[in-house]
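# Summary of the model geometry
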Amino acid sequence: MELYNLKTTKTPGVFIITKFDKHLEVESSYILTYDDCHCPRGQAHSNCRHRTMIHIFKQHKHVDDGWFLDYHTRQWVPPVDLDTNAPEAHEREPAPLPAAAAPVDPPPAVASGAPKPRVLGLRGL
Ligand SMILES: [Zn+2]
């Protein structure tokens, strides 16, 4: 999984794209424009995935809002607060009760397991 987010800089048309691994650890970060990218491939080629992604981020309006793009699947991952880094906060939320819980009626084990009233039947004959 390769996640990226895109941020603008003070210079119009200049962006910073950051690559994260699946643990949202920063792997690399490049300064780029629509025409130029500082990544290793971008220095040798006229195009690279980063410049492609500027258009994707713009198209989906996720520039500067912290959303991550999974480059390969083109799926969007919501932003996380990297600074607090407190996963317990999520775990502390009470788990929702299962709405479709089984009814509390006791199982009809007694009725089905009870012996048939054979004696009464015989007495009836
Ligand atoms: Zn690049």
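We now turn to the structure provided with this report. What you see is a predicted model; the values in this text were computed from it and never measured.

### Looking at the overall build of the protein
What the protein contains, in helices and strands, is five helices and five strands. If you list the helices and strands of the protein from N to C, you get β-β-β-α-α-β-β-α-α-α. The buried share among the 125 residues of the protein stands at 12%. Partitioning the intrachain contacts of the protein with sequence separation of at least 6 by distance along the chain shows that 29% fall at a separation of at least 24.

### Quick look at helix H2 (residues 49-59)
Note on helix geometry: an α-helix contains 3.6 residues per turn, so any two residues three or four positions apart are oriented the same way. By the burial criterion, the buried members of H2 are His 50, Arg 51 and Phe 57. Angularly, the buried residues of H2 cover 110° about the axis, an arc narrow enough to put them on a single face. Among the exposed residues of H2, those oriented more than 90 degrees off its buried face are Thr 52, His 55 and Gln 59. Those residues of H2 hidden inside the fold are in contact with strand E1 (3-8), strand E2 (15-20), strand E3 (26-32), helix H1 (40-44) and strand E4 (68-70). In the stretch just after H2, Lys 61 is the one whose phi turns positive, near 55°.

### Quick notes on the sheet that holds E1
Strand order in the open sheet made by the five strands is E3-E2-E1-E4-E5, with antiparallel pairing throughout. One side of each edge strand has no neighbouring strand; the edge strands of this open sheet are E3 and strand E5 (75-77). For this sheet the average axis-to-axis angle between neighbouring strands, irrespective of direction, equals 30°. By the bridge criterion, six bridges tie E2 to E3 in an arrangement that is antiparallel. When the bridges of E3 are listed, Phe 15 appears paired with Leu 32. Its contacts with the sheet put H2 on E1, E2, E3 and E4, and the angle it makes with E1 is roughly 75°.

### Quick look at the pairing of E2
The pairing of E1 with E2 spans six bridges and is antiparallel. Residue pairing across strands places Lys 7 opposite Ile 16, the latter belonging to E2. As consecutive antiparallel partners, E1 and E2 are separated by six residues, and within that stretch Gly 13 has a phi angle of approximately 85°, a positive value. Count of turn residues in the E2/E3 antiparallel hairpin: five residues, of which Leu 24 carries a positive phi of about 60°.

### Topic: the environment of Pro 12
Within the secondary structure, Pro 12 sits in the loop between E1 and E2. As a C-alpha pair, Pro 12 and Thr 33 span 21 residues in sequence and 9.2 Å in three-dimensional space.

Conventions adopted
Residues numbered from 1 in each chain as written. Predicted model: local features only at pLDDT ≥ 70, side-chain atom pairs only at ≥ 80, totals over all residues. Helix = DSSP H or I, 4+ residues; strand = E, 2+ residues; numbered from the N terminus. Buried ≥ 20, exposed ≤ 12 C-beta atoms within 10 Å, placed from the backbone. Contact = placed C-beta atoms within 7 Å. Arc of directions from axis to C-beta. Pairing = 2+ DSSP bridges. Axes fitted to C-alpha atoms, helices over the stretch in contact; angles between N-to-C directions.

By themselves these figures say nothing about function.
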